[in-house]
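# Breakdown of the fold
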Amino acid sequence: MNLIAAADENWGIGCQGKLLVQIPADLKSFREMTMNKVVVMGRKTLESLPNGLPLAGRTNLILTSNPDYRVRNALVLHSVDEVLKEVEHYRSRDVYIIGGESVYRQFLPFCDTVHITKIQEKYEADAFFPNLDEDGEWEITADSEEQTYFDIEYYFLKYERKKVRQ
């Protein structure tokens, strides 16, 4: 499975339920990577999307502890185990964990690829992604040239879980 996120220099990903910054090329990359794929998100992430609606053109899986939560055009699940059982119906490379913080932390152990838009700024944040640079299990296997959006510099990075050497 994949995780996909945009993070600042402190691995901040959000503040008060919103992205730290919206970079058009990052949003385009996200859309292209996840289109016609499976996206897994928490309830708060769903509710932060435009009009609180599932993402069009994708299979949306929503994780919430609320047993009465319902949303049209999405499958609502109530535990990590339920999500893992559901995604068995799909190719692992077609499943993207898209947030928020607690969902990323719960699913990181089950993922082998992480796509990070690394923003060279420090923002006020109250939600964070685990720092993969300090985690010996991960290595950068692809990175882009420096990108800019007005005065913001950023990179597209691909982290992969290191293979266990026998």
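Above this text you will find the structure in question.
So, here's what we can say about the structure. (Residues numbered from 1 in each chain as written. Predicted model: local features only at pLDDT ≥ 70, side-chain atom pairs only at ≥ 80, totals over all residues. Heavy atoms only, no water.)

## Regarding empty space enclosed by the protein
- This model, assessed by the stated rule, comprises one cavity of 30 Å³ or more.
- Of the volumes computed, that of the largest cavity is approximately 30 Å³.
- Lining the largest cavity, in full, are Ala6, Gly12, Ile13, Leu19, Leu20, Val21 and Ile119.
- Each residue belonging to the lining of the largest cavity can be placed in one class, and the counts come to six nonpolar, one polar and no charged. (1 Å grid on protein atoms, 1.4 Å probe; cavity = no way out; pocket = protein on both sides within 12 Å on 5 of 7 lines; lining within 4 Å. Points joined across faces, edges and corners; volume = space filled by probe spheres on them. Nonpolar A, V, L, I, M, F, W, Y, C, P; charged D, E, K, R; others polar.)

## Some thoughts on the packing of aromatic side chains
- Within the structure shown, the criterion is met by six aromatic pairs.
- Relative to phenylalanine 150, the ring of tyrosine 149 has its centre 4.8 Å away and its plane inclined at 75°; by these criteria the two rings are edge-to-face.
- Classification of phenylalanine 150 as exposed rests on a relative accessible area of 74%.
- Grouped by ring-pair contacts, the aromatic residues Trp11, Tyr104, Phe129 and Tyr159 constitute a single cluster. (Phe/Tyr/Trp six-rings, centres within 6.5 Å; stacked < 30°, edge-to-face > 60°. Buried < 20%, exposed > 50% of the residue type's maximum accessible area, 1.4 Å probe, protein only.)

## Things to note about the side chain of threonine 45
- In this structure, threonine 45 sits in helix α2 (residues 43-48).
- In this structure threonine 45 comes out as buried when scored by relative accessible area, which is 16%.
- Apart from residues lying up to four places away in sequence, threonine 45 is in contact with Ile98, Gly99 and Gly100. (Helix = DSSP H or I, 4+ residues; strand = E, 2+ residues; numbered from the N terminus. Contact = heavy atoms within 4.5 Å.)

## Details of the pattern of salt bridges
- Taken as a whole and judged by the stated rule, the model has five salt bridges.
- Two residues, glutamate 32 and lysine 28, come together in a salt bridge whose shortest N-O distance is 3.4 Å. Of this pair, glutamate 32 and lysine 28 both sit in helix α1 (residues 24-34), separated by four residues, roughly a single helical turn.
- Lysine 28 sits in the partly exposed class, given a relative accessible area of 45%.
- A salt bridge links glutamate 101 to arginine 105; the shortest N-O distance between them is 3.2 Å. (Salt bridge = Lys/Arg side-chain N within 4 Å of Asp/Glu carboxyl O.)

## Considerations on the nonpolar core
- In terms of nonpolar packing, the biggest core is built from 30 residues, with Ile97, Phe107, Val114 and Phe129 touching the most fellow members.
- Counting residues per element, the ones that place at least two in this core are β1 (2-7), β4 (38-42), β5 (59-63), α3 (80-87), β7 (95-99), α4 (101-107), β8 (113-119) and β12 (152-161).
- Considering every element that reaches this core, the biggest residue donor is α3, with four residues.
- When sequence neighbours within four positions are dropped, the list of residues in contact with phenylalanine 107 reads Met1, Val40, Leu63, Val80, Val83, Leu84 and Ile97. (Core = buried A, V, L, I, M, F, W, Y, C linked by side-chain atoms within 4.5 Å.)

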